[in-house]
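# Tertiary structure, described
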Protein chains: 2
Amino acid sequence: MYIHGYGERESERLLAQASSVLCLLHGDTRFPPGSRVLEVGCGTGAQTVSLARNSPDAQIVAFDRATASLARAMERVAAAGLSNVELLHADLYALPFAAESFDHVFVCFVLEHLSDPIAALRLVKQLLKPGGSVTVFEGDHGSAYFHPHSAIAHRAIGCQVELQRRAGGNACIGRQLYPLLAESGYEAPCVTPRVVYVDATTPDLVDSFTRKTFTWMVESVREAALAARIIDAATFDAGIRDLYRAAEPDGVFCYTFFKGVAAKPAHLPQEGSNDRDV
Amino acid sequence: MYIHGYGERESERLLAQASSVLCLLHGDTRFPPGSRVLEVGCGTGAQTVSLARNSPDAQIVAFDRATASLARAMERVAAAGLSNVELLHADLYALPFAAESFDHVFVCFVLEHLSDPIAALRLVKQLLKPGGSVTVFEGDHGSAYFHPHSAIAHRAIGCQVELQRRAGGNACIGRQLYPLLAESGYEAPCVTPRVVYVDATTPDLVDSFTRKTFTWMVESVREAALAARIIDAATFDAGIRDLYRAAEPDGVFCYTFFKGVAAKPAHLPQEGSNDRDV
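Residues numbered from 1 in each chain as written. Chains lettered and ligands numbered in written order. Predicted model: local features only at pLDDT ≥ 70, side-chain atom pairs only at ≥ 80, totals over all residues. Heavy atoms only, no water.

## Quick word on helix H2 (residues 46-54) of chain A
When you tally the buried positions in H2 of chain A, you get eight out of nine residues, the bulk of the element. Ala46, Gln47, Thr48, Val49, Ser50, Leu51, Ala52 and Asn54 of chain A are the residues of H2 of chain A that are buried. (Buried < 20%, exposed > 50% of the residue type's maximum accessible area, 1.4 Å probe, protein only. Helix = DSSP H or I, 4+ residues; strand = E, 2+ residues; numbered from the N terminus.)

Below, the structure written as structure tokens:
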């Protein structure tokens, strides 16, 4: 279900995303000393490094089912000199962990690829101790807009959204974090938007985010979109040109990520009580 | 060019907007004691009250060309017990002020209605002392998205955008504040997005913003949109229903305002220098 691909330029995309936007996303995510934190689907470890650095006295257990990504994550964690990270090859739907064995769970850019994100959230809830928390991050491609406006650029973005939908995912899942967490039986979900606003006053973000994160990501689905006959080559290419246009000195680009935090109920609900998680 | 109308329900819309979102918008807008601040197009004074309260030792001069709105603004300012506000009936293009007679200018929800916002920004720049600042606020209807997603609701929003465009305005101007300020010859424009994120955890915002600010505003153009044959009644009404749907307990609504601050150059540019304001 992971449709972004694993090529070299893709690695640079993820890295660019990491270096320019990680502080906005993860700056206020800190776990207490001694806590045991599970990272679900760590991929190449871009988020893992932030997570482990921001909570140096927490123990991070991160897993992914893609061995190539996991190898890259291991290199990255080693290069960062982190000693509080354990990396495992595992699948979300067959995890080797005991119930209620984690204080917190961290799920970043994973739900967008799953056909049943509520099932996944309920699954990780079983691994959480009562009173533990889940922290979820997702982007939302429907939150992307830019100056100059371009309907064709939105059509190119729509190709990525449509391909992800056909693969069972949802590229516009960010806005749904609140109902997803509530329906999964977590308590007191708190969702906050994180806007990446980019104009010429932040040339590093123009390059690392507008060009090399967002536009490259859309551009990377060109062949798949053409093969699936979602769009013709000329329209797609014009859309990509218009996305690069938003990276010019008078251009503006906006994209919103969402962070959601919620708690596993501290006590098991009594029979006959108003349990949302039925 | 002000297409929102001036009816009773409209007043409530503006008031709802004011009470629920004013802190997000204006909480960090403060002008120094003794400074003279011009508010352009104060309308019914919803922003004027915040402006004057947040800078109690600044002198606010606010004007509007609509006498009915101005009368309401006078009531509002009196009811708030503010003594630092002077209200004038005047037109932006025929202002009775001397050049360089204000320390700061405040322009809130005005540029969206103008066919030439750059001309307006240059005009108010003449009223500013060198080194003075302009503060601009605008919404952006292209920043609206919601859960559940509804293409028909976006079409209903599009009616408001199209009517405002035909009236010479731009309902998606928020994203353009940076290039508008730069092109108008201001220095160091700094633009920050202000996201109104609404889910069931803030029922006051669900009611005051999702329903009674945004949806009512879109709903208010129904007759004009039908008369202009932009949409048929059934589609429009279905779109409005879907906007109200986003105010249900599992719904989410997002909208972004933009604040821009920029300075009038402290010294007149030397001839032959790199002056952007050519």
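## Some remarks on the state of the cysteines
Residues and elements named next belong to chain B. Counted under the stated rule, the structure contains zero disulfides over all chains. In this structure Cys23 is not part of a disulfide, and its nearest cysteine sulfur, from Cys108, lies 14 Å away. Classification of Cys23 by relative accessible area gives exposed; the value is 64%. With no disulfide of its own, Cys108 lies 11 Å from the sulfur of Cys42, the closest cysteine sulfur. Its relative accessible area of 4% is what places Cys108 among the buried residues. (Disulfide = S-S within 2.5 Å.)

## Quick notes on unusual backbone geometry
Going from His147 of chain A to Pro148 of chain A, the amide bond is cis rather than trans, its omega being 0 degrees. By secondary structure assignment, the location of Pro148 of chain A is in the loop between strand S5 (128-147) and helix H5 (151-166). Here the phi dihedral of Glu100 of chain B falls at roughly 55 degrees; this positive angle occurs in a residue that is not glycine. Within the secondary structure layout, Glu100 of chain B lies in the loop between strand S3 (85-89) and strand S4 (102-108). Backbone geometry at Arg229 of chain B places phi at a positive 55 degrees, although glycine is not the residue there. Given the relative accessible area of 76%, Arg229 of chain B is considered exposed.

## Regarding the relation of the copies chain B and chain A
Note on the identical chains: chain B maps onto chain A by a rotation of 180 degrees and an axial translation of 0.0 Å, with an RMSD of 0.0 Å. On the angle and the small slide along the axis, the relation comes out as a two-fold axis. Minimal C-alpha distance to the rotation axis in chain B is attained by Ser143 of chain B, lying at 3.4 Å. A share of 100% of interface residues in chain B that are also interface residues in chain A marks the association as one of identical surfaces. (Least-squares fit on C-alpha atoms with pLDDT ≥ 70 in both. Contact = heavy atoms within 4.5 Å.)

## Side note on the side chain of Gln176 of chain B
By the element assignment, Gln176 of chain B lies in the loop between helix H5 (151-166) and helix H6 (177-183). Excluding residues within four positions of it along the chain, Gln176 of chain B makes contact with His147 of chain A together with Asn170 of chain B.

## Brief notes about the packing of aromatic side chains
Residue and element names in this part refer to chain A. All chains considered together, the criterion is met by 24 aromatic pairs over all chains. When the centroid spacing of 5.0 Å and the interplanar angle of 50 degrees are considered together, the rings of Phe214 and Phe253 count as tilted. In this pair, Phe214 sits in helix H7 (residues 203-219) while Phe253 sits in strand S7 (residues 252-263), placing the two residues 39 residues apart along the sequence. Assigned by exposure class, Phe214 and Phe253 land together as buried. (Phe/Tyr/Trp six-rings, centres within 6.5 Å; stacked < 30°, edge-to-face > 60°.)

## What about the nonpolar core?
Val134 of chain A together with Val134 of chain B are the most contacted members of the largest nonpolar core, which has 72 residues in total. Those residues in contact with Val134 of chain A that sit more than four places away from it in its chain are Val105, Val107, Leu121, Leu128, Leu181, Tyr186, Gly260, Val261 and Ala262 of chain A. (Core = buried A, V, L, I, M, F, W, Y, C linked by side-chain atoms within 4.5 Å.)

## Here we look at the packing of H5 of chain A against helix H9 (residues 233-245) of chain A
All names here are of chain A. Contact geometry of H5 with H9 gives a least axis separation of 7 Å together with a crossing angle of 110 degrees. Classified by the angle their axes make, H5 and H9 are roughly perpendicular. Together, Ile152, Ala153, Arg155, Ala156, Ile157 and Cys159 of H5 and Thr235, Phe236, Ala238, Gly239, Ile240, Asp242 and Leu243 of H9 make up the contact between the two elements. Here the residues of the contact of H5 with H9 are counted per class, giving nine nonpolar, two polar and two charged. (Axes fitted to C-alpha atoms, helices over the stretch in contact; angles between N-to-C directions. Parallel < 35°, antiparallel > 145°, perpendicular 65-115°, else oblique. Nonpolar A, V, L, I, M, F, W, Y, C, P; charged D, E, K, R; others polar.)

## Considering H5 of chain A
Residue and element names in this part refer to chain A. An ideal rise of 1.5 Å per residue puts 22 Å on 16 residues; H5 measures up with 22 Å between its terminal C-alpha atoms. Among the residues of H5, those classed as buried are Ala153, Ala156, Ile157, Cys159, Gln160, Glu162, Leu163 and Gln164. In this structure, the buried residues of H5 make contact with S5, H7, helix H8 (222-227) and H9. Remark: Gly168 follows H5 within two positions and exhibits a positive phi of approximately 95 degrees. (Expected span 1.5 Å × (residues − 1).)

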